[in-house]
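Summary of the model geometry
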Amino acid sequence: MTVTEHERAFITSTLSESRINLEIESDGMTLNLGPQHPATHGTLRIIVKLDGEQIVACEPTMGYMHRGYEKLCEFRTFPQVTTLVNRIDWLSHFANEVPFILAAEQLMGVEAPPRAQYIRTVFFEMARLGNITLFLGEMGLQLGAMTALFYAFRDREHVLNLLEAVTGGRFHPNFDRIGGLKDDLPKGWIDETKAVMKKIRGFCDQMETLVMGNEIFQTRTRGIGVIPKDVALGYGLSGANARASGVDLDLRRDNPDIAMAWKHADFKVWTHPDGDSFARYWVRLQEVRESTHIIEQLLDGIPAGPIMAKVPRIIKVPAGEAYVQTENPLGWMGYYVVSKGDLGPFRVKIRTASFNNVSVLPWVAKGLYVPDIVTVLASLYFILGDIDR
Amino acid sequence: MTALFALELSYWQETVLKVVGVLAAVLIPAGAFVQLFLFKMVSHLQSRLGPMEAGPHGSLQAIAEVGKFIQKEDIIPERADRFVFKLAPYVVVMTVLLVYLVIPFGPDMYFANLDAGVFYALAVSSVSVIGVLIAGWASANKYSLMGAIRAAGQLIAYELPLVLAVVGVVIQAGTMNLQGIVAIQAQGEIFGWGAIGNPFILTQFVGLFIFMVAIQAELTQTPFDMPIAESELITGYMTEYSGLRFLLFFIAEFAAVGAFGALAATLWLGGWYLPGLDFDANYMNVVGPIILFAKIMLVAFVVFWVRFTYPRLREDQLQAFAWKFLIPLSLINIVATGVLKVVF
Amino acid sequence: MSAIPGLVKGLGVTLKTMLKPAVTVQYPHVKEAPAPRARGVIALKEENCTVCMLCGRSCPDWCIYIEGHKTKAPPRRAGGKPRTVQLVDRFDIDYALCMYCGICVEVCPFDALFWSPEFEYSEPKIADLLHDKDKLGEWFETVPDYVPYEAGSEAKVKKVPR
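Computed from a predicted model, the values in this text were never measured in an experiment. Within each chain, residues carry numbers counting from 1 in the order of the written sequence. Chains and ligands are labelled by the order in which they are written, letters from A for the one and numbers from 1 for the other. At least 70 in pLDDT is required for a residue's local features to be given in this predicted model, at least 80 for side-chain atom pairs to be given and counted, and no such filter applies to totals for whole chains, interfaces and linings, which use all residues. As a convention, hydrogens and water are excluded, and side-chain values are obtained from all of the structure's heavy atoms.

The next subject is the layout of surface pockets. Computed over the protein atoms alone on a 1 Å grid, cavities are sets of points where a 1.4 Å probe fits but cannot get out and pockets are open sets with protein on both sides within 12 Å along at least five of seven lines; a residue lines them when it has an atom within 4 Å of a point. Grid points are joined across faces, edges and corners, and a volume is the space filled by probe spheres set on the points. If you add up the space inside the second largest pocket, you get close to 1300 Å³. Taken together, 48 residues form the lining of the second largest pocket, with A:Glu157, A:Asn161, A:Glu164, A:Arg170 and C:Glu32 sitting closest to its centre. Each helix is a run of H or I in the DSSP string that is no shorter than four residues. Each strand is a run of E no shorter than two, and both are numbered from the N terminus. Mapped by element, the contributors of at least two residues to the lining of the second largest pocket are helix H6 (147-167) and helix H7 (189-212) of chain A. The element contributing the most residues to the lining of the second largest pocket is H6(A), with ten residues.

Pasting the structure below:
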């Protein structure tokens, strides 16, 4: 691939500017929240230019965790890609598989049977539970209340055990298949799940009292890192980050044609007008509660039937392109799958939520104090694997 | 104190005994706090078990930690000011040891009975700020220095509510002698009812609240631990310290919990005296320290309970809280105490 | 109740948790049994393997090493032709590479590979994580039976060929 003169000049100027940011400390100090840092969730490097205590400029440098997913997908078959794709956003494991499988099913013209759709949606919501309960505890940790994190891990364990009982894997279920699911639910699982949903709701109440209701937490998060609605839409924020800025966007409700069972459940989309860090925490807390209700409703109404549609044993997806996006726990995740009729995809483009969520950081960080950037990072909630793939 | 054992000791023998006694008085609570509160209590607060392998139920973990710190390599940064770098931990530990000198453990169990005991204790505990500052300066690390300056700012800001809260007690007691304050609480009466004496917690509860908040900040515990838990400062002024030097800072921190807890117990909770016991008896010289230790544990429990529950305040919010809320509140407390003292 | 500040209620939460027993399970003194479907280790039933190489080809990591040879087996009925069968010489799974995805187990058409919930096989040397045919056969003893399904499922419970 040749680079034009214009592109070369742009790349050189950006590189040289970033070097200047590091070496010359003209007015103010340049701080490197380096790749290894307790505040960033993984290997994110944030170069921050300070004027006293306030931030003048901020630049996140991503790519320390780039694993070459899109290239890897070019050389693997569809089941193998499903396995790999679990690991993009490792906390919401199953939710990564779903849009990819749905895109492949669109190309094949297959739809999963209703029972499979219901169970897929239940697992999707359980991925949301596993992910966001961790966030509720982890934001407390970033702000100093380390106890909250332990409660999160303790109660999240139940969700992981449920997942292990069905799929065999706690973190990477690898359960979705083109045409349905790998296996059906074991006996007694539905009752166990309902009991766990009650525990998760109890955990949400605990977090509400321990973290959200704490006046110190509120002083640290109210009014910090306000993202107005137009800026949120402009940067492509999605998920709870956008909803906390007042954007009423939820693909579960707004995208009913997708082959999942959200249309069979009655749920509320929570928004908050403030757009500050507290709003982002509040919205996610309500979403966890709402997810437990969705799971209970779906499990009550689960239809009997087969778990897999009639698909050939060796799957060759016909040629074509399909793009499917879903409301993942971190935001919108989309897969653009191009197939040439082989055993595996020709090209997969992965649109992840955290990439956009982090890109708003330079805008938000202006004028903040240094301790506040930790709050904002924690409340934006990204996973490095999701940013870098 | 020597009258206790009916011994005739010369001055230097008595001094040696007092030095050993102070070291024991400092290290035992420090070790107990680390083991019980830092390892076990926080673990159960967080729904886990904590260390269980070293000794039965992990009871020897603190000793294992001491052994670990002692055998570490002694690293001093190349550009650090060697003498000051080595001096800083000892300054901080020394101030804590000096506070324990005036705390009465029993009717005759004290290391020094100063008439201005309260004044001395508060003055000497402020010297630890110097230790923090020189630790940060001598580390030759930009971020340690920033952390040390922030810590110094916080510690100085919270000295004022600390002192003003104690002033209320001194007004009510009428003396600065700690042994005298214990006596007044033991022998006082509440409107003529002398069964439980007159512990100052009943009337000076505002002062106790302010004192507890102020010691939380003096000990740089959450919610006031921005100097140590700052995301870019690692452990602030202690970053460059390793091994035994770090252990000294650590011991100083936990012994300071004990020192301030002892002050709180003596000034508000009645000290080494428990109502119903004979004030002047000789056996109180053995029972008194145990009672005081129990009260110190109670105060320390509250300190650590708050520490592991709350998130931390930002530096400017912390300062605003001290200057705009705690100091006016403590001044109102002093005025009210003075008025009520004259009236009653 | 709303008049009690959040600070005090938060203290109540931690105190209540402190008074309840801790949830920690002290491994290795106490061991929790994983679910029957847990993906711990892959077991091989050598008699069923026909060296079709489907598992080796479908592994995303290419961690299965298979070698086999053809041989003649006696005819099923008297007077018939001898049949050609494939016998497996080498069947190694390198657990240092294995992603525990389960595609090999799923894809095997002859019921030769099974999941077992055993997970305590870590080794000090990474080369020892290459389990050969005999070791994989030993794991077969630990394979549990398939669990019954939830009501409403049309799937039939398979049987593990012992």
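Further notes follow.
So, about the interface of chain A and chain C. Listed as interface residues are 40 residues of chain A and, on the opposing side, 35 residues of chain C. Salt bridges are identified by distance alone: a Lys or Arg side-chain nitrogen within 4 Å of an Asp or Glu carboxyl oxygen. Between the two partners, chain A and chain C, sit two salt bridges. C:Glu106 is paired through a salt bridge with A:Arg177; the nearest N and O atoms lie 2.6 Å apart. Any pair of N or O atoms that falls within 3.5 Å is considered a polar contact. Within protein, one atom must be able to donate a hydrogen and the other to accept it, and sequence-neighbouring residues count only if both atoms are side-chain atoms. Summed over the shared surface of chain A and chain C, the result is 25 residue pairs in polar contact (both at pLDDT 80 or more). At the level of secondary structure, the elements contributing two or more residues to the side of chain A that touches chain C comprise helix H3 (78-85), H6, H7 and helix H8 (215-221) of chain A. Here the nonpolar group is Ala, Val, Leu, Ile, Met, Phe, Trp, Tyr, Cys and Pro; Asp, Glu, Lys and Arg are the charged ones; every other residue, Gly included, is treated as polar. The residue makeup of the side of chain A that touches chain C, split by class, is 14 nonpolar, 14 polar and twelve charged. Residue contacts follow a heavy-atom distance rule, with two residues in contact if any of their heavy atoms lie within 4.5 Å.

Another point: empty space enclosed by the protein. Residue and element names in this part refer to chain B. Evaluated as defined, the whole model comprises five cavities of 30 Å³ or more. What the largest cavity holds in volume is close to 330 Å³. What lines the largest cavity is a set of 21 residues, among which Val92, Ser128, Glu218, Leu219 and Ala256 lie closest to the centre. Looking at the lining of the largest cavity, the elements that each hand over two or more residues are helix H4 (82-100), helix H6 (128-138), helix H7 (142-173) and helix H11 (244-268). A total of six residues in the lining of the largest cavity trace back to one element, the largest contributor, which is H11. Of the residues in the lining of the largest cavity, the class split is 15 nonpolar, four polar and two charged.

By definition, no residue in a patch forms a salt bridge, and every one has over 30% relative accessible area; like charges are joined within 9 Å, nonpolar side chains (Val, Leu, Ile, Met, Phe, Trp, Tyr) within 5 Å. Areas reported here follow the Shrake-Rupley algorithm with a probe of radius 1.4 Å; residue values treat only the protein chains shown as occluding. Charge convention: Lys and Arg are scored as positive, Asp and Glu as negative, and His as well as the terminal groups of each chain are ignored. To locate a charge, take NZ of a lysine, CZ of an arginine, CG of an aspartate or CD of a glutamate. A surface patch of like charges, here negative, comprises C:Asp132, C:Asp134, C:Glu138 and C:Glu141. Looking at the element boundaries, C:Glu141 is found in the segment after helix H4 (133-139).

The next point concerns the interface of chain A and chain B. If you look at the interface, chain A gives 28 residues, while chain B gives 23 residues. Contact between chain A and chain B buries roughly 2200 Å² in total, counting both sides, with carbon and sulfur atoms accounting for 59%. The tally of links between chain A and chain B comes to one salt bridge. Here B:Arg314 ties to A:Asp372 by a salt bridge, and the two come within 2.8 Å at their closest N and O atoms. Across the chain A-chain B interface, the total number found is seven residue pairs in polar contact (both at pLDDT 80 or more). Among the secondary structure elements, those contributing two or more residues to the side of chain A that touches chain B are strand S1 (29-33), H6, H8 and helix H15 (370-380) of chain A. Of the residues belonging to the side of chain A that touches chain B, the class tally is 17 nonpolar, six polar and five charged. The term buried area denotes the loss of accessible surface (1.4 Å probe radius) that occurs when two parts are joined, taken as the sum for both partners.

With that settled, the discussion passes to the packing of H4(B) against H6(B). Axes are the key here: two packed helices are described by the angle between their axes and the distance separating the axes. Residues and elements named next belong to chain B. Each axis is a line fitted through C-alpha atoms, taken for helices only over the stretch in contact, and angles between the N-to-C directions span 0 to 180 degrees. Packing of H4 against H6 brings their axes to within 8 Å, and their N-to-C directions diverge by 160°. Classed by the angle they form, the pair H4 and H6 counts as roughly antiparallel. At the point where H4 passes H6, the crossing takes the left-handed sense. Counting all contacts with H4, which are made through Val84, Phe85, Leu87, Ala88, Val91, Val92 and Thr95, the residues of H6 involved are Ser128, Gly131, Val132, Ile134, Ala135 and Ala138. Orientation is classified from the angle alone, with under 35 degrees giving roughly parallel, over 145 giving roughly antiparallel, 65 to 115 giving roughly perpendicular, and any other angle giving oblique. Each crossing gets its hand from how the near helix is turned against the far one by less than a right angle, where anticlockwise is left-handed and clockwise is right-handed.

What follows is about the pattern of salt bridges. Residues and elements named next belong to chain B. Evaluation of the coordinates by the stated rule reveals 36 salt bridges over all chains. The partner of Lys18 in a salt bridge is Glu14, with the nearest N and O atoms 3.9 Å apart. Separated by four residues within a single helix, Lys18 and Glu14 lie in helix H2 (residues 11-45), roughly one turn from each other. Relative accessible area decides the class of each residue, using a 1.4 Å probe on protein chains only: under 20% of the type maximum gives buried, over 50% gives exposed, and in between gives partly exposed. Lys18 gets classed as partly exposed once you look at its relative accessible area, which sits at 26%.

A separate point is a nonpolar patch on the surface. Residues B:Val335, B:Val339, B:Leu340, B:Val343 and B:Phe344 make up a contiguous nonpolar surface patch of roughly 550 Å² in combined accessible area. Structurally, the position occupied by B:Val343 is in helix H13 (residues 315-343).

This part takes up unusual backbone geometry. Residue B:Pro223 is bonded to the preceding B:Thr222 through a cis peptide linkage, with omega at 0°. Assignment of secondary structure puts B:Pro223 in the loop between helix H9 (205-218) and helix H10 (226-229). Omega for the bond connecting C:Tyr27 with C:Pro28 falls within 30 degrees of zero, at 5°, which places this linkage in the cis form. Take C:Pro28: it is sitting in the loop between helix H1 (6-19) and strand S1 (41-44). Even without glycine at this site, B:Ser47 takes up a positive phi of about 65°. In this structure, B:Ser47 sits in the loop between H2 and helix H3 (61-70). Judged by its relative accessible area of 5%, B:Ser47 is buried.

Turning our eyes to something else, we now look at the side chain of B:Arg307. Residues and elements named next belong to chain B. Checked against the element boundaries, Arg307 lands in helix H12 (residues 284-307). Glu253 is the oppositely charged side chain nearest to the buried, salt-bridge-free Arg307, at an N-O distance of 4.0 Å. Other than its neighbours up to four places away in sequence, Arg307 contacts Leu38, Gln216, Gln221, Thr222 and Glu253.

All names here are of chain A. We treat two strands as partners when DSSP finds at least two bridges between them. The strand order across the open sheet formed by three strands is S6-S7-S8, and the pairing between neighbours is antiparallel. Each edge of the open sheet carries a strand with a single partner, namely strand S6 (320-328) and strand S8 (347-351). Here the average twist between neighbouring strands, direction ignored, is 10°. By the bridge criterion, nine bridges tie S6 to strand S7 (residues 331-339) in an arrangement that is antiparallel. Residue pairing for S7: Asn328 is matched across the bridge by Gly331. Contacting S6, S7 and S8, helix H4 (residues 93-108) runs over the sheet at an angle of about 150° to S6.

Turning next to the sheet that holds strand S5 (residues 130-131) of chain C. All names here are of chain C. The sheet built from three strands is open, its strands ordered S2-S3-S5 with antiparallel pairing. Of all strands in the sheet, those bounded by a partner on one side alone are strand S2 (64-73) and S5. Note that strand S3 (residues 83-94) and S5 share two bridges and pair antiparallel. When the bridges of S5 are listed, Ile93 appears paired with His131.

Right, let's get into H4(B). Residues and elements named next belong to chain B. In a helix, the anticipated span is given by 1.5 Å times the number of residues less one. Compared with an ideal rise of 1.5 Å per residue, which puts 19 residues at 27 Å, H4 spans 29 Å between its outermost C-alpha atoms and is within 8% of the ideal. Bend, at a single residue, is the angle you get between axes fitted to the 7 residues ending at that residue and the 7 residues starting at it. A maximum bend of about 30° is found in H4 at Ala88, where proline Pro89 lies one to four positions downstream. Listing the buried residues of H4 in full gives Val84, Phe85, Ala88, Pro89, Val91, Val92, Val93, Thr95, Val96, Val99 and Tyr100. Those residues of H4 that are buried lie in contact with H2, helix H5 (117-126), H6 and H11.

We now examine H7(B). For H7(B), which comprises 32 residues, the first-to-last C-alpha distance of 47 Å matches the rise-based estimate of 46 Å (1.5 Å per residue) to within 8%. One or two steps after H7(B), the chain reaches B:Gly174, where phi turns positive at roughly 85°.

Think of it this way: a Phe, Tyr or Trp ring, Trp meaning its six-membered ring, pairs with another when their centres are within 6.5 Å, and the plane angle makes it stacked under 30 degrees, edge-to-face over 60, tilted otherwise. Taken as a whole and assessed by the stated rule, the structure comprises 31 aromatic pairs over all chains. Here B:Phe69 and B:Phe246 contribute two aromatic rings whose centre-to-centre distance is 5.4 Å and whose plane-to-plane angle is 45°, an arrangement assigned as tilted. Note that B:Phe69 is positioned in helix H3 and B:Phe246 in helix H11, a separation of 177 residues in sequence. When sorted by exposure, B:Phe69 lands in the same class as B:Phe246, which is buried. Judged by centre distance (6.4 Å) and plane angle (25°), the ring pair of C:Tyr100 and C:Trp115 falls under stacked. Highlighted residues: C:Tyr100 in the loop between S3 and helix H3 (103-107) and C:Trp115 in strand S4 (residues 113-116), separated in sequence by 15 residues. Owing to a relative accessible area of 24%, C:Tyr100 belongs among the partly exposed residues under this scheme. One aromatic cluster is present, built from ring pairs that chain together A:Phe135, A:Phe217, A:Phe278, A:Tyr281 and A:Tyr381.

Honestly, it's all geometry; don't read function into it.
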